[in-house]
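Observations on the three-dimensional arrangement
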Amino acid sequence: MYLNNLNPSVKALTILGLVVALALLFDPVTPALFTLVTIAVTFLFGDFRRKYYLFYLIPFTIFAVGMLWTTIAFADAPKNPSETVGLIWWEVPREDVLVAVSLSFRVLAFATMSLLFIFTTNMVEFLLSLMQQLRLPPKLAYGIMAGYRFLPMLTTEFRQIRAAHRVRGMGQESRWKRYRRFAVPLLAGAIRKAERTAVAMESKGFTGTRERTFYRNIRVRKKDWLFPAGMGAIFLLLILLSLRFDYFSWYQGQL
Amino acid sequence: MKNWKLKEIVVMSVLSVVFAVVYLAFLPVGKVLTGFFGPIGYDFIFGIWFIVSIIAAYIIRKPGAAFLSETIAATVEVLLGNAAGPMLLISGMIQGLGAESAFAMTGYRRYNLGTLMFSGMMAAVFSFVWGYFQSGYAALAGGYVLLMFVTRLISGAILAGVAGKALSDALAKTGVLSGFALGKEKRKKHAA
Amino acid sequence: MNIQNLSLQYDDMDAPVLQNVTFSLGEKECVLLLGASGSGKSTLSRCLTGIYPKELEGMMEGEVTFEGMPVNEASPGTMSRRVGTVFQDPETQFCMLTVEDEVAFGLENICVPSEKMEKRVETALEEVGLLHRKKAAVISLSGGEKQKLALACILAMEPPVIVLDEPTANLDPVATDEFIALLSSLKELKNITIFVIEHDLDPWIDITDRVLMLGRNGSLFYDGPLQQGVDRYARDLYEEGIAVPGAVRMAMETGTATPPYPLTARGLAAGLSAPLKAVSGRENGPALIQASGISYKSIFSNVDITISEGSFTAIAGPNGSGKTTLSRLLAGIDPVSSGRLTRPFPDKDWFQHAGYVFQNPEHQFLTDSVWEELAYSGAGDEKIEELLEWCGLTDRKDFHPFTLSQGEKRRLSVATMLVKDQEILFLDEPTFGQDAKSTSRLMDLLKEKHRAGTTIVMITHDMDLVDRYATGVVVMKDRKIGFTGNPDELWNEDLVAFQLKEPFRVRTNRLIKGDMYVPQ
C-alpha cells in the first residue's frame, strides 16, 4: 500500500509540517474537515489492522469529547454572553461552544495524523530512513533501537517485581516509597542489560561511524513526493474554503 | 556523538523508554488533578515529565543527555499512542532544551543538588513559555497564570530535581552504574 | 592466538581478576576454559575480543596477539572479523527486531556490500537451522533459538575464532545438548577455532580438545588434555566452583575409583558391577495443598494436583509448559480463575506460612543492605544473625543486595523467605545460572530445611537434582499435568516426550546392562 511504502522521513516531516500549520489556525471547521480527510487517506492508502485503529481512535475521541465538555464548563467570561446555544438541556454561550469545538477537533486532527504515521510505519525502517536521509548518527539510531527492544521485556519485569514485592508483604508504606522500591530493581536490571547489549553490539563490529552499508536501503523516490504535495494541496484547499466562507481565523491562544 | 560511548547511548535510550511509560501513566493523574483544581492541576505534578532529563544527565554527564533523553521519551510516548501526537514531540524537545540549558550554564561541570533543581526549574520555564503560546494560557487571568508558573517551577525543582537525584543515587548504590560518570564519582568519594 | 602474562584489575575491586594468564589457541582447536562464576572468565573473553583495554575501567598488563598482531592495536571493526563472541544471556545480545536484520547488522558494520548480504544472511541462518525463521521477530524465538541466532550472526561475519561465553547457562538441558550438537557439527564442517568459557563441563566433554582451568584467584592452574586435568584436580574442582563431570562425581562417591577417572556415563558403567542406588526416603505424607479442577485465564484448565506435607516436590517440563503459572497459583500469587484450591492456612496470613523465591532474586530485594533486607521481613536481631550464619552471609551484612554474587543473592532471597520459619517454600528455578559450588550449597540448605519438616516445591529443569533430592515430581506438558508421582517412576516414562534429560545415575545404570534398558 502507498502509505506503508512511503519513505518514513518524508512522511514524518510532512506530518510535522501539517501539524505546525494546523496549530496556527483556529476555527471549528478546518480541523474537523482535516480529521476526516486524514482518516480517509489512512484507510484508503494504508494497510493495517482496522480493528486496532479503532481501538486507538476511540480513547482519543473520548478524550476530545471530554475536553469539549470541560472547556465549556471552565470557560472564561465570554465577550458576548447574550448569544447562547441550547445544548440538550444546557444553555451555554455560543462563543464558548465554538472555542470548545475548535479545540476538540484540533486535538483529534493531531491524533489522527499521529495514528496515520504509527499505523503505517515500521519502526526499524523509520530509524533506517532517519540515518540514510536525515543523517542521524548511527550510534544514536542503533542505540535507540536497542533501547526500544527492551519495552516488552520491561513490562514482564514490572509484573514480576510487583508479584515479588507482594510476597514480601508491602503495602503499609507511602506511595512514594513504594515507587522507589519498584523503580530501583527495574532500572538496575535494565541498565545492566543495556550495558550487556552495548558490549554485544560492539563485539559485532559496531563502532558507530557513518561508514557502513545497509541491508535495507531506504530511498526517496519520485512518488514519495506525492504525499506532501497531496496533503499540502488539501490543506490549502481547506484554507481557501475558510477564507471563502469567512470563518478563517488565526490561533490566538484560546484555551 | 563522538565522545559518547555506545553503552551510554543504550542506557540513555532504555531510561527514556522506561520513563515514557511512566509519563503516560501520570497523564490520568494530571487529568484527575485538573478536574479538581482546573488548569493548574497539571502544574502540581509537571516536574515528573522532566525527570528523565535530570536522571540521564546526572548519570551520564555528557552534553546532550538531558535534551536527547527527553526527546526520545517523547517519541516513544507518541509511538505508544499519546493523544497529543506530534505536538508532544515538540513539547518534549523544548522541555529537554530547558533542562539542558541549566547544565550548559554550569559548563557541564557541576552536578550537585542545586544544579539538578535548577535544571528542573529551567525545564519548567521553557515548557511554560511554550505552553503560554501553544495552549493559550494567555486567555487566563494574570494572577492565575503566575500561580501556575510558580507551581510548575517548584514541581520541576522537587519532582524532577530532588526526586531524580534521589532515584539515581539509590541506583548508584546497587553498583550497576560503576561504568558511568555517577558511579565513578561515588567510587572516588568512597576511596577518599 | 596468543595470550601472554595477562593480568587485569578493575578500579572498583581490591584484588586482580586475572593474574599472569598465559595460553595459546591453535587453528581449528576447541578449547574449554573452566572457572567458577566471578572468576574472571568473562573478563578474559573481553580481552580476547579487544573490548578491553578500550572499555576497561582499570589496569591491564600483558599482551594478546592474533597471528602475531597485538589485539589492542587493531581497530574494533577489524577485530570483529577475527574473533566473534556468543554471550551468555540470550535476551541481551540483539539490537534489531527481526532475525534477518540481526544477522545483517554485523555484516553492515563491516561494510559488506548490500547486494551480497542476503546470500550471507541466508547461508548463516541455514547453518544453524533457522532459515525458516528468517522473517520472524527476535522476541518470538525460544531461548535455544536465540542462542543459535547469536551464533548465526557470528558465522555470517566469518571470523576464524569464535568465543562462547557460557552460551548454554540460560538454556534448559535439552536445548543445551542441541546447541552443542550444532557446534560440533559446525566444527567438522568449517575451519574454525572454538573457545568455550564454562563452569559446567559435562555437556562439552565430547567436543573438547583441550581444557584450561582458571582458579578463583584469577590464575590458570591447568592447561592440557581433559582426562589428565580431571585426574589431577578432581578434588579441587569443586572448591573452584567448577562442576565435576557427573561420572567422576559418582565414581568418587562410590569411593572405589582411582584415576584415571571415567568421564562419561559409558566409562563409568564399564567399571561398575552393580547399579547405582537411588536416594532413599521417597515416601510422601498427607496432602497439604490440594487443587481440583483449577483453571487460570486461557493458560490452562482443569488441573488436579496435590502437594503432600513434608514433601520435596519438583515441577519440571519444557519452557512454556506452564510450570511457573502452576507454582504461582499453588502459592497464591495469582488467583485461580475457577476450580477449588485448598490451602492449610487462611489467606490473610498465608505469606507468614509460605514463601516464594522468584527466578530473579533481585526482583525481591527492597532495601539497601543485606541486614535490612532480613529486618524488613520482620526478623529480630537474633533471628537475622542466625539466618545470616545459616546462609553464610554474615560478613556481607552491610553490602547492598545487588552487589552480591549470584550465589549469595540467591541464598539471601531464600533467607528472606524463611524469616517467619515458613512451613512451605516455593522456588522458581533456584539453580539457574549458578555455578557448581553455589548450586550445591543452596541444595544443602534446602535439604536441611526439608529434613526439619519444611515442604518444598521447586521448579527445575535439572533431572540430576530431582533424582538426588526430590520425593515427588510433577511434569507439565502442553499446559497439562503430564506425569505426577515419584522420581523413580518418572525414569521409566518416555522422558524425551517431556523434553527432559535422563539423570546421570539412571543413564549409567542403563549402560551397565549393555544398551538394554532394564526397569528397576
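Just above, that's the structure.
A brief structural summary. This is a predicted model, so every value here is computed, not measured.

**So, the sheet that holds strand β18 (residues 472–477) of chain C**
Residues and elements named next belong to chain C. One open sheet holds the six strands; their spatial order is β15-β16-β17-β13-β18-β19, and the pairing between them is mixed. Edge positions in the sheet fall to β15 (354–357) and β19 (480–485), since each has one partner strand and no second. Averaged over all adjacent pairs, the angle separating strand axes in this sheet is 15 degrees, with direction ignored.

**Quick word on the packing of helix α1 (residues 6–37) of chain B against helix α3 (residues 51–60) of chain B**
If you want to describe how two helices pack, look at the angle between their axes and the distance between the axes. All names here are of chain B. Interhelical geometry of α1 versus α3 gives an angle of 160 degrees and a closest axis separation of 10 Å. In terms of their interaxial angle, α1 and α3 are classed as roughly antiparallel. Crossing hand, α1 versus α3: right-handed. Where α1 approaches α3, its residues E8, M12, L15, S16, F19 and Y23 are matched on the opposing element by I51, V52, I55, A56, I59 and I60. Partitioning the contact of α1 with α3 into residue classes produces ten nonpolar, one polar and one charged.

**A closer look at a positive patch on the surface**
A cluster of basic residues, R159, R162 and R166 of chain A together with K297 of chain C, forms a positive patch at the surface. Examined against the element boundaries, K297 of chain C turns out to sit in the loop between β11 (287–296) and β12 (300–308).

**Some words on a nonpolar patch on the surface**
Residue and element names in this part refer to chain B. On the surface, L113, L146, V150, I154, I158 and V162 cluster together into a nonpolar patch covering about 490 Å² of accessible area. Broken down by element, the residue count for the nonpolar patch peaks at five residues, all from helix α7 (residues 142–173). Tracing the sequence through the fold places I154 in helix α7.

**Digging into the interface of chain A and chain C**
Between chain A and chain C, the residue contacts involve 43 residues of the former and 58 residues of the latter. Taking both sides of the interface into account, the surface hidden between chain A and chain C amounts to around 4600 Å²; carbon and sulfur atoms contribute 57%. When the buried area of chain A at its contact with chain C is split by residue, R168, K204 and Y215 of chain A rank highest and sum to 22% of it. Residue E373 of chain C pairs with R168 of chain A through a salt bridge whose shortest N-O separation is 2.5 Å.

**Concerning the side chain of D368 of chain C**
The topology assignment puts D368 of chain C in the loop between β15 and α12 (370–376). In terms of polar contacts, D368 of chain C uses its side chain to reach the side chain of K173 of chain B, at 3.2 Å. Among the polar contacts listed, one links the side chain of D368 of chain C to the side chain of H400 of chain C, at a separation of 3.5 Å. If we ignore the near neighbours within four places in the chain, the residues touching D368 of chain C are R180 of chain A, K173 of chain B together with F399, H400 and P401 of chain C.

**Let's talk about a negative patch on the surface**
Taken together, the side chains of D381, E382, E385 and E389 of chain C make up a negatively charged region of the molecular surface. Within the fold, E382 of chain C resides in helix α13 (residues 381–390).

**Observations concerning empty space enclosed by the protein**
Any space left empty among the atoms is revealed by the rolling of a water-sized probe across them. Inspection of every chain in the model, using the stated rule, returns five cavities of 30 Å³ or more. Approximately 50 Å³ is the volume attributed to the largest cavity. Among the residues making up the lining of the largest cavity, the classes are represented as five nonpolar, two polar and three charged.

**Side note on the sheet that holds β12 of chain C**
Paired through backbone hydrogen bonds, the strands of a sheet run either parallel or antiparallel to each other. All names here are of chain C. The three strands are arranged β12-β11-β14 in an open sheet whose pairing can be described as antiparallel. Of all strands in the sheet, those with a lone pairing partner are β12 and β14 (338–342), marking the two edges. Across the sheet, the axes of successive neighbouring strands diverge by a mean angle of 5 degrees, strand direction being ignored. The pairing of β11 with β12 spans six bridges and is antiparallel. From the neighbouring strand, I294 faces β12, where its bridge partner is V303. Against the sheet, helix α10 (residues 323–330) contacts β11, β12 and β14, and its axis sits at roughly 60 degrees relative to β12.

**So, the nonpolar core**
One finds Y142 of chain A, F19 of chain B together with L446 and L490 of chain C to be the most contacted residues of the largest nonpolar core, which totals 193 residues. Composition of this core by domain shows at least three residues from each of domain 1 (3–125 + 219–244) and domain 2 (138–203) of chain A. Discounting residues that sit within four places of it in the chain, Y142 of chain A has contacts with L128, M131, M201, F206, R212 and F214 of chain A together with M96, F105 and E108 of chain C. By size, the runner-up hydrophobic cluster in this structure holds 59 residues, among which are M117, A150, I194 and L201 of chain C.

**A closer look at helix α10 (residues 226–244) of chain A**
Note: α-helices contain 3.6 residues per turn, so residues at a spacing of three or four share the same orientation. Residue and element names in this part refer to chain A. For α10, with 19 residues, the first-to-last C-alpha span of 26 Å sits near the 27 Å given by 1.5 Å per residue. Among all positions in α10, only F227, M231, F235, L238, I239 and S242 are buried. The arc that holds the buried residues of α10, viewed along the axis, is 100 degrees, so those residues lie on one side. Those residues of α10 that are exposed and angled more than 90 degrees off the buried face are L226, L236, L237, L240 and R244.

**Some details on the interface of chain B and chain A**
Residue-level contacts link 53 residues of chain B with 49 residues of chain A. Applying the counting rule to chain B against chain A returns one salt bridge. The partner of E195 of chain A in a salt bridge is K7 of chain B, and the shortest N-O contact between them spans 3.6 Å. Linking chain B to chain A there are four residue pairs in polar contact (both at pLDDT 80 or more). Broken down by secondary-structure element, the contributors of at least two residues to the side of chain B that touches chain A are α1, α4 (65–80), α5 (86–105), α6 (113–134) and α7 of chain B. Among the elements that line the side of chain B that touches chain A, the one with the most residues is α1 of chain B, at 17 residues.

**Points about the pattern of salt bridges**
Considering all chains together, one arrives at 41 salt bridges over all chains under this definition. When the shortest N-O distance is used, the salt bridge between D209 of chain C and K187 of chain C registers 3.5 Å. Here K187 of chain C lies in helix α6 (residues 173–189) and D209 of chain C lies in the loop between β8 (193–198) and β9 (210–214), a separation of 22 residues in the sequence. We note a salt bridge from E408 of chain C to R396 of chain C, for which the minimum N-O separation is 3.0 Å. Residue E408 of chain C is found in helix α14 (residues 406–416), and its partner R396 of chain C is found in the loop between α13 and α14; the two are separated by twelve residues along the sequence. Note on E408 of chain C: relative accessible area 11%, which makes it buried. The partly exposed category is assigned to R396 of chain C, whose relative accessible area is 25%. By sharing partners, the salt bridges in this structure join E125 and R216 of chain A together with D101 of chain C into a single network.

**Structural notes on unusual backbone geometry**
All names here are of chain C. A cis geometry characterises the amide bond from Y52 onward to P53, with omega recorded as 5 degrees. Position of P53 relative to the elements: it lies in the loop between α1 (41–48) and β4 (58–66). The backbone of E158 shows a phi angle near 55 degrees, a positive value even though the residue is not glycine. With respect to the helices and strands, E158 occurs in the loop between α5 (143–156) and β7 (161–165). Assessed through its relative accessible area of 54%, E158 is described here as exposed. A positive phi angle, near 55 degrees, is found at Q499, a position not held by glycine. Here Q499 shows up in the loop between α17 (487–490) and α18 (504–512). Look at Q499 and you get partly exposed, because its relative accessible area is 42%.

What counts, and at which threshold
- Residues numbered from 1 in each chain as written.
- Chains lettered and ligands numbered in written order.
- Predicted model: local features only at pLDDT ≥ 70, side-chain atom pairs only at ≥ 80, totals over all residues.
- Heavy atoms only, no water.
- Pairing = 2+ DSSP bridges.
- Helix = DSSP H or I, 4+ residues; strand = E, 2+ residues; numbered from the N terminus.
- Axes fitted to C-alpha atoms, helices over the stretch in contact; angles between N-to-C directions.
- Parallel < 35°, antiparallel > 145°, perpendicular 65-115°, else oblique.
- Left-handed = near helix turned anticlockwise from the far one by under 90°.
- Contact = heavy atoms within 4.5 Å.
- Nonpolar A, V, L, I, M, F, W, Y, C, P; charged D, E, K, R; others polar.
- Patch = residues over 30% accessible without salt bridge, like charges linked within 9 Å, V, L, I, M, F, W, Y side chains within 5 Å.
- Areas by Shrake-Rupley, 256 points an atom, 1.4 Å probe, with all protein chains shown as cover.
- Salt bridge = Lys/Arg side-chain N within 4 Å of Asp/Glu carboxyl O.
- Lys, Arg positive; Asp, Glu negative; His and termini not counted.
- Charge placed at Lys NZ, Arg CZ, Asp CG, Glu CD.
- Buried area = accessible area lost by both parts, 1.4 Å probe.
- Polar contact = N/O pair within 3.5 Å; in protein donor to acceptor, adjacent residues only side chain to side chain.
- 1 Å grid on protein atoms, 1.4 Å probe; cavity = no way out; pocket = protein on both sides within 12 Å on 5 of 7 lines; lining within 4 Å.
- Points joined across faces, edges and corners; volume = space filled by probe spheres on them.
- Core = buried A, V, L, I, M, F, W, Y, C linked by side-chain atoms within 4.5 Å.
- Buried < 20%, exposed > 50% of the residue type's maximum accessible area, 1.4 Å probe, protein only.
- Domains from an automatic or database assignment.
- Expected span 1.5 Å × (residues − 1).
- Arc of directions from axis to C-beta.

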